[in-house]
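What follows is each chain in one-letter form.
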Amino acid sequence: QVQLVESGGGLVQAGGSLRLSCAASARTFSSYAMGWFRQAPGKERETVAAINLSGGYTHYGNSVKGRFTISRDNAKNTVYLEMNSLRPEDTAVYYCAAKWTGAFRSTFILASQYDYWGQGTQVTVSS
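Just so you know, these numbers come straight off a predicted model, no measurement behind them.

Rules and cut-offs
- Per-chain numbering applies: the sequence of each chain, read as written, is numbered from 1 onward.
- Only residues with pLDDT of 70 or above have their local features reported here, since the model is predicted, and side-chain atom pairs are shown and tallied only from 80 upward, although totals for entire chains, interfaces and linings are computed over all residues.
- Only heavy atoms go into the side-chain values, all of them from the structure, while hydrogens and water stay out.
- At least two DSSP bridges between two strands are needed for those strands to be called paired.
- Only DSSP runs of H or I covering at least 4 residues are called helices, and only runs of E covering at least 2 are called strands; the numbering of each starts at the N terminus.
- Between N-to-C directions, angles span 0 to 180 degrees; the directions come from axes that are lines fitted to C-alpha atoms, helices contributing only their stretch in contact.
- Stacked, tilted and edge-to-face pairs are distinguished by plane angle, under 30 degrees for stacked and over 60 for edge-to-face with tilted covering the rest, among Phe, Tyr and Trp rings (Trp via its six-membered ring) whose centres lie within 6.5 Å.
- Summary of the burial criterion: residues with accessible area below 20% of their type's maximum are buried, those above 50% are exposed, and those between are partly exposed, where the area comes from a 1.4 Å probe applied to protein chains only.
- Put simply, a charge is over a ring when the Lys NZ or the Arg CZ is close to the ring centre, within 6 Å, and near the line of the ring normal, within 35 degrees.

Visitor: Is there a simple way to explain the sheet that holds strand E8 (residues 78–83) in this structure?
Guide: Two orientations exist for strands paired in a sheet by backbone hydrogen bonds: parallel and antiparallel. Pairing within the open sheet is antiparallel, and its 4 strands lie in the order E1-E3-E8-E7. Sheet topology places strand E1 (4–7) and strand E7 (68–73) at the edges, where each strand pairs with a single neighbour. Recorded for the sheet is a direction-independent mean angle of 15° between the axes of neighbouring strands. In this structure, E7 lies alongside E8, joined through 6 bridges in antiparallel fashion. Note on E8: the bridge partner recorded for Phe-68 is Met-83.

Below you can see the structure in the form of C-alpha cells.
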C-alpha cells in the first residue's frame, strides 16, 4: 500500500506561481510512475502531467504546456508540480497518483491507469 500526501495548494492571484509537492510512503518510490491530475467542480478529472520512473520522460496536458513543470526526487520520495502563469481556469483540486511499473520510460496519462491516489489539495486562482 502506498500513501500519497499532497501539499502546497492555496489561493494565488492570476499570473502567480505555486509549487505542489506529493510525498509518497512507498519503500521503492523509484518503481512508481507518477502523475498529477485536477478536478474542478462540475468537470471531469483532467490529466495535468505525468513523469516516468527516473524523471527523464514527462507528459503534459495541452492546457498547461509551457506553464507547468513536473519533477521528482527519488531520494526524497517526492514528486513536484511547479505551476507558473496561473489562470483562473487552473482552479481545481489537484491530486497526485502513483502507478507501479517496470516500464522504465513510460508515462501514464489516464487516471484509470493509476493504483494509488492522494487526498488532493485545493488550488484557487483569483482574477
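Visitor: What exactly am I supposed to notice about the packing of aromatic side chains here?
Guide: To describe a pair of aromatic rings, one takes the distance between the centres and the angle between the planes. Evaluation of the coordinates by the stated rule reveals 4 aromatic pairs. Seen from their ring centres, Phe-37 and Trp-117 are 5.0 Å apart, and the 50° between their planes marks the pair as tilted. Within this pair, whereas Phe-37 is found in strand E4 (residues 32–39), its partner Trp-117 is found in strand E10 (residues 116–117), the two being separated by 80 residues in sequence. For Trp-117, a relative accessible area of 27% puts it in the partly exposed group. Taken together, the aromatic side chains of Phe-37, Tyr-114 and Trp-117 make up a single cluster linked through ring pairs. Across from the ring centre of Tyr-95, 4.1 Å away, lies the NZ or CZ of Arg-45, which sits over that ring. Lying over the aromatic face of Trp-117, Arg-45 brings its terminal NZ or CZ to 4.7 Å of the ring centre.

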